Amino acid sequence: MNGKNRKDIKPGITVMVVKKEDQKTGKLTKGIVQSLLTNSATHPHGIKVKLEDGTVGRVQEILE
């Protein structure tokens, strides 16, 4: 599942995010969602989240 719809993402789920500095390379970081930072229902580049380790990035993939 991709990370473009806010309704699919909830705190506690495992996701793959791309950090701002990794957008050029596409390097993904795995983590557990702490909070959602995007307020809109959808976003073309992925919903922005904060992971439990403090990393901020856009969700590219939902692992569950």
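These notes cover the structure that comes with them. (Residues numbered from 1 in each chain as written. Predicted model: local features only at pLDDT ≥ 70, side-chain atom pairs only at ≥ 80, totals over all residues. Heavy atoms only, no water.)

### Topic: the nonpolar core
Residues Ile-9, Ile-13, Val-15, Val-17, Val-33, Leu-36, Ile-47, Val-49, Leu-51, Val-59 and Ile-62 constitute the largest nonpolar core, which totals eleven residues. Mapped by element, the contributors of at least two residues to this core are strand E1 (14–19), strand E2 (28–36), strand E3 (48–51) and strand E4 (56–62). (Core = buried A, V, L, I, M, F, W, Y, C linked by side-chain atoms within 4.5 Å. Buried < 20%, exposed > 50% of the residue type's maximum accessible area, 1.4 Å probe, protein only. Helix = DSSP H or I, 4+ residues; strand = E, 2+ residues; numbered from the N terminus.)

### Focus: the sheet that holds E4
The sheet built from four strands closes into a barrel, its strands ordered E1-E2-E3-E4 with antiparallel pairing. On average, each strand axis in the sheet is inclined to that of its neighbour by 70 degrees, with strand direction left out of account. As judged from the three bridges shared by E2 and E3, these two strands associate in the antiparallel manner. What sits directly across from Ser-35, in E3, is Lys-50. (Pairing = 2+ DSSP bridges. Axes fitted to C-alpha atoms, helices over the stretch in contact; angles between N-to-C directions.)

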